[in-house]
Amino acid sequence: MAIHEPNPLAVMVTKAAGVLAHSVYEDYVQSLGLAGHERVLDFGCGAGTPARYLAARLRPGVGHLTCQDISHVWLDACRQHLHDFPNVTFLLGDITTLNLPPHSFDVIFIHFVLHDIAPGERPPVIKALARVLTPEGRVFIREPLHYIAPSEVQELWQVAGLTETGRHTEHIPTQGEVYAGEYARR
Ligand SMILES: C[S@@+](CC[C@H](N)C(=O)[O-])C[C@H]1O[C@@H](n2cnc3c(N)ncnc32)[C@H](O)[C@@H]1O
């Protein structure tokens, strides 16, 4: 699995963009309607911009957030950004080899990550994510349309046994047109 470590400038710019465009992340996380008791996996958490809003939705001692990334630089940035949340775990590594317990997450959150993964590496990643999702679990994914087609996202989840249960597209000034999909087992 390819790992692209960012340089310090990229981390700085990303953090600043997260502050300036906070509503892009905050409004989306609020729209998911999390109840607060869920075990959430933020796959490809990056600097943790949406992760902070996820963590804030989860009730301490009840809900739990796992921030996972393949890059140690991004994961360290995320760890710093969320240092004040007690109910967050940070996990470095490749989801296809981490061997997490099956059915260990109620929600998988994927925000601008899948398009960054080489097309040939996407099917095993989705299969590994489906394995750690509970039978009633839900997946929320948002990706830029410029880099990945919704039909590919649908097909990848379909093969892994999940179907699209909701979708919308919207325009985000920093990302262009984006697709937001929700998936669950049939
Ligand atoms: C564009 S950033 C998005 C970060 C964050 N989700 C957000 O919306 O701010 C893409 C992130 O996906 C991570 N990533 C790329 N390939 C990955 C993989 N195979 N497994 C886990 N994370 C991956 C990158 O390291 C990076 O942190």
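Report on the accompanying structure. Please read all numbers here as calculations on a predicted model, not as lab measurements.

1. A short note on helix α5 (residues 122-132)
Along α5, the residues that are buried comprise R122, V125, I126, A128, L129, A130 and V132. Packed against the buried residues of α5 are β1 (39-43), β4 (105-111), β5 (133-144), α6 (150-159), β6 (162-172) and β7 (176-185).

2. A look at the site of the ligand
Taken together, 16 residues surround the ligand, and among them G44, G46, D69, H111 and F112 come closest. G44 places a main-chain nitrogen or oxygen 2.7 Å from a nitrogen atom of the ligand. Compared with its free state, where it exposes 600 Å², the ligand has 87% of that area covered by protein. Under a 2 Å grid-point criterion requiring more than half of the atoms, the pocket assigned to the ligand is the largest pocket.

3. Things to note about the nonpolar core
Core analysis: the biggest nonpolar cluster contains 29 residues, and V40, L65, C67, L82, V88 and F109 have the highest contact counts within it. For this core, the secondary-structure elements that each account for two or more residues are α2 (22-31), α3 (49-57), β2 (64-69), α4 (72-81), β3 (88-92), β4 and β7. Setting aside anything within four residues of it in sequence, one finds V88 in contact with A55, H64, L65, C67 and L82. Core analysis: the next-biggest nonpolar cluster, separate from the first, contains 27 residues, L41, L91, A128 and I141 among them.

4. Examining the packing of α5 against α6
Where α5 meets α6, the axes come as close as 9 Å, and the angle between the chain directions of the two elements is 55°. Viewed along their axes, α5 and α6 adopt a mutual orientation that is oblique. Of the two possible hands of crossing, α5 and α6 adopt the one that is right-handed. Contacts between α5 and α6 involve R122, P123, I126, L129 and A130 on the former and, on the latter, E152, L156 and W157. Of the residues that constitute the contact of α5 with α6, the class distribution is 6 nonpolar, no polar and 2 charged.

Criteria and thresholds
Residues numbered from 1 in each chain as written. Predicted model: local features only at pLDDT ≥ 70, side-chain atom pairs only at ≥ 80, totals over all residues. Heavy atoms only, no water. Buried < 20%, exposed > 50% of the residue type's maximum accessible area, 1.4 Å probe, protein only. Helix = DSSP H or I, 4+ residues; strand = E, 2+ residues; numbered from the N terminus. Contact = heavy atoms within 4.5 Å. Near = heavy atom within 4 Å. Polar contact = N/O pair within 3.5 Å; in protein donor to acceptor, adjacent residues only side chain to side chain. Areas by Shrake-Rupley, 256 points an atom, 1.4 Å probe, with all protein chains shown as cover. 1 Å grid on protein atoms, 1.4 Å probe; cavity = no way out; pocket = protein on both sides within 12 Å on 5 of 7 lines; lining within 4 Å. Sits in = over half its atoms within 2 Å of the grid points. Core = buried A, V, L, I, M, F, W, Y, C linked by side-chain atoms within 4.5 Å. Axes fitted to C-alpha atoms, helices over the stretch in contact; angles between N-to-C directions. Parallel < 35°, antiparallel > 145°, perpendicular 65-115°, else oblique. Left-handed = near helix turned anticlockwise from the far one by under 90°. Nonpolar A, V, L, I, M, F, W, Y, C, P; charged D, E, K, R; others polar.

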